[in-house]
Amino acid sequence: MEHAVAPAWATLAYLVSGVFFILALRGLSSPASSRRGNRFGMAGMLIAVVTTLVTHVPMIIGDAQNSYHGPDFGTIGQIIGAIGIGAVIGIFTARKIAMTDMPQLVAAFHSLVGLAAVLVGWAAYLNPEAFGIVGEDGMINGASKIEMALGIAIGAITFSGSVIAFLKLAGKMSGAPIILPARHLINGALLLAIAFFTFGFWHSQSLVDIALLTALSFLIGFLLIIPIGGADMPVVVSMLNSYSGWAAAAMGFTLHNSAMIITGALVGSSGAILSYIMCKAMNRSFISVIAGGFGAVADAGGGEAKEQRPWKRGSAEDAAYMMQQAESVIIVPGYGMAVAQAQHILREMADLLKKEGVSVKYAIHPVAGRMPGHMNVLLAEANVPYDEVFELEDINSEFAQTDVAFIIGANDVVNPAAKTDKTSPIYGMPVFDVDKAKTVFFIKRSMGGVGYAGVDNDVFYMDQTMMLLADAKKMVEDIVKALQH
């Protein structure tokens, strides 16, 4: 059975949806245009979904000659019901999810994309006639079998890897690398086995081959992410995003759906580029990370400070007074700000300082938080002006001239060990030069904990540093009260 050729208007509609997706990516490249980018993405997806339904539902409910005799309300009801359930879950999740939980939500969504690819691949295997991928010999086309195998393998790896990422990001599992003995040999053997069973499936279309291919792909997804430590989680989230795109693209070939191919390729390639950029920002090898924790330090993420050293404790009044007298303040937000939901009161503090004539800027590290752009999203939610937010390479040279560096919930991205300590797991990662500022205020809950990478921070003990030990939101609220008096 040959697959029916999509009508010309459907091909054009898919092309238009692809253009909207490209515009969406372009819009999302800047906080100022991100809302417009999201709207483009929504419009593109709406066009793609409607086009698919209009062109495929008659094929589902037609006879052998693909003629249409009237609506099959049972099939249409199932489709509408599935869309409705998904819409309700999506709307409920979007309204209820806290911004702090956004990284694990993204990981969870990636897992669903991967699982969908696996299910579509198996559906095509079990009922190839419905997908139009059966040749004259009654067997699935050779190219289609390769596409199915790749989609299932990448989808399964995406699903299981995303589950591990979700558990680590949600705190259900230790963020420290879990180093397995001979893990690289195990992973290499599993990849060879997956390739072997892919060839076997292409050659014989055997249920055993596709079942083993699926099972081993789920397994290697777990094994690839388990040894990756918390410091690399932003890269993992970006990498899994790329995997989900390639899985969707592979399934697009199986479904003969050009919109899925275009969208999957866009997501896959953009995710891969972002992962590479993130690796550069963390001085990590891209190959090392995607291979599952090459160079991971077994004791990273231990959560213990290395030694007891003298430090100075400050108060909200100290911070308010010093920042009021300053000419310039650079705020460095991190995951602690997200946990405390302190972005709104932080913006209020900045507004009060600006009324006093103080220059206020925000410094955003590429890997601050638990996913790319985490801090940008939080600051945008608090209506922080976009022109006050700067990336590392644009603002790092200004710390040497600034009066106050105000660090709220960040740690690893301001740790000078990345520049000086070759034994540190974050060595070589570009960090903010907050140690060059005249005064440093550092908000954290206590001196007993360290950052997500598990390394102590010399900034805590500098002469110009005053530690503000409290919940980030409570401390900034107290600073705002002091500024108002």
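Structure: above.
Quick look at the structure, then. (Residues numbered from 1 in each chain as written. Predicted model: local features only at pLDDT ≥ 70, side-chain atom pairs only at ≥ 80, totals over all residues. Heavy atoms only, no water.)

## Comments concerning the overall build of the chain
Put simply, the test is: A run of H or I in DSSP becomes a helix once it reaches four residues, and a run of E becomes a strand once it reaches two; helices and strands are each numbered from the N terminus. When accessible area is computed with a 1.4 Å probe and restricted to protein chains, residues below 20% of their type maximum are described as buried, those above 50% as exposed, and intermediate ones as partly exposed. Every residue pair with non-hydrogen atoms within 4.5 Å of one another is taken to be in contact. Accessible surface is estimated by sampling points in the Shrake-Rupley manner with a 1.4 Å probe; for residues, cover comes only from the protein chains shown.
Along its length, the chain carries 18 helices and six strands. Here the chain holds 485 residues, and the buried ones make up 47% of them. Taking the intrachain contacts of the chain between residues at least 6 apart in sequence as the baseline, contacts between residues at least 24 apart amount to 78%. Just so you have it, the chain exposes about 22400 Å², and 64% of that area is on carbon and sulfur atoms.

## Comments concerning the pairing of strand β4 (residues 404–408)
Defined as follows: Strands are treated as partners if at least two bridges between them are detected by DSSP.
Among the five residues in β4, five count as buried, and that is most of the element. Across the two faces of β4 the burial is the same, with Val404, Phe406 and Ile408 and Ala405 and Ile407 all buried. Where strand β1 (residues 328–333) and β4 come together, five bridges link them in parallel fashion. What sits directly across from Val332, in β4, is Ile407. As paired elements, β4 and strand β5 (residues 439–444) share five bridges and run parallel to each other. Paired with Ile408 across the bridge in β5 is Ile443.

## Notes on the pattern of salt bridges
Stated formally: Any carboxyl oxygen of Asp or Glu that lies within 4 Å of a side-chain nitrogen of Lys or Arg is treated as forming a salt bridge with it.
Tallying each qualifying case throughout the model produces 10 salt bridges. Here Lys419 and Asp435 are joined by a salt bridge, their closest N and O atoms 3.5 Å apart. Placement of Lys419 in helix α17 (residues 417–420) and of Asp435 in the loop between α17 and β5 is noted, with a sequence separation of 16 residues between them. Residue classification places Lys419 among the partly exposed residues on the basis of a relative accessible area of 37%. For Arg445, the salt bridge identified is with Asp471, shortest N-O distance 2.9 Å. Of the two residues, Arg445 sits in the loop between β5 and β6 (465–469) while Asp471 sits in the loop between β6 and α18 (472–484), which places them 26 residues apart along the sequence. Judged by its relative accessible area of 58%, Arg445 falls in the exposed class. Owing to a relative accessible area of 24%, Asp471 belongs among the partly exposed residues under this scheme. Each of Arg347, Asp351, Lys354 and Glu388 takes part in salt bridges that share partners, so that together they form one network.

## Quick notes on the packing of aromatic side chains
So the rule is basically this: The criterion for an aromatic pair is that two Phe, Tyr or Trp rings (for Trp, the six-membered ring) have centres within 6.5 Å, with stacked assigned to planes under 30 degrees apart, edge-to-face to planes over 60 apart and tilted to the rest.
Enumeration according to the criterion identifies nine aromatic pairs in this entry. Aromatic side chains Phe20 and Phe40 sit 5.8 Å apart centroid to centroid with 40° between the ring planes, which places their arrangement in the tilted category. Taken together, the positions of Phe20 in helix α1 (residues 8–27) and Phe40 in helix α2 (residues 34–61) put the pair 20 residues apart, joining distant regions of the chain. Classification of Phe20 by relative accessible area gives partly exposed; the value is 22%. The partly exposed category is assigned to Phe40, whose relative accessible area is 24%. Pairing Trp122 with Tyr125 gives two aromatic rings, centres 5.9 Å apart and planes at 80°, and the pair type is edge-to-face. In this pair, Trp122 and Tyr125 both sit in helix α4 (residues 102–126), three residues apart, roughly one turn of the helix.

## With respect to the side chain of Asp433
Note the following rule: Polar contacts here mean pairs of N or O atoms no more than 3.5 Å apart (in protein, one a potential hydrogen donor and the other a potential acceptor; neighbouring residues in sequence count only if both atoms are side-chain atoms).
Tracing the sequence through the fold places Asp433 in the loop between α17 and β5. Only 2.9 Å separates the side chain of Asp433 from the side chain of Lys419, close enough to count as a polar contact. Sequence-distant contacts of Asp433, defined by excluding residues within four places in its chain, comprise Asn396, Phe399 and Lys419.

## Structural notes on the packing of helix α6 (residues 142–169) against helix α8 (residues 207–225)
Formally: Here the axes come from fitting lines to C-alpha atoms, over the contacting stretch only for helices, and the angles between their N-to-C directions go from 0 to 180 degrees. Less than a right angle of anticlockwise turn of the near helix away from the far helix marks a crossing as left-handed, whereas a clockwise turn marks it as right-handed. Under the grouping applied here, Gly and all other residues not named as nonpolar or charged are polar, the nonpolar ones being Ala, Val, Leu, Ile, Met, Phe, Trp, Tyr, Cys and Pro and the charged ones Asp, Glu, Lys and Arg.
Direction vectors running N to C along α6 and α8 enclose 35°, while the axes themselves pass 7 Å from each other. When you trace α6 past α8, the crossing you get is right-handed. In contact with Ala149, Ile152, Ala153, Ala156, Ile157, Phe159, Ser160, Gly161, Val163, Ile164, Ala165 and Lys168 of α6, α8 contributes Ile210, Leu213, Thr214, Ser217, Phe218, Ile220, Gly221, Phe222, Leu224 and Ile225. The residue makeup of the contact of α6 with α8, split by class, is 16 nonpolar, five polar and one charged.

## Re α8
Put simply, the rule reads: To estimate the expected span of a helix, subtract one from its residue number and multiply by 1.5 Å.
Here α8 spans 28 Å end to end across 19 residues, near enough to the 27 Å set by a 1.5 Å rise per residue. Two or three places before Val208, at the opening of α8, Ser206 has a side-chain oxygen 3.1 Å from that residue's backbone nitrogen.

## Quick look at the sheet that holds β5
Strand order in the open sheet made by the six strands is β3-β2-β1-β4-β5-β6, with parallel pairing throughout. The two strands at the open ends of the sheet, each matched to only one other strand, are β3 (389–391) and β6. Averaged over all pairs of adjacent strands, the angle between their axes in this sheet comes to 25°, without regard to strand direction. In terms of strand pairing, β1 meets strand β2 (residues 359–364) through four bridges, oriented parallel. The residue of β2 that forms the bridge with Ser328 is Ser359. Its contacts with the sheet place helix α14 (residues 343–355) against β1, β2 and β4, and it is angled at close to 145° to β2. Packing against the sheet, α18 makes contact with β4, β5 and β6, and its axis sits at approximately 140° to β4.

Remember that the coordinates give geometry; whether it matters functionally is a separate question.
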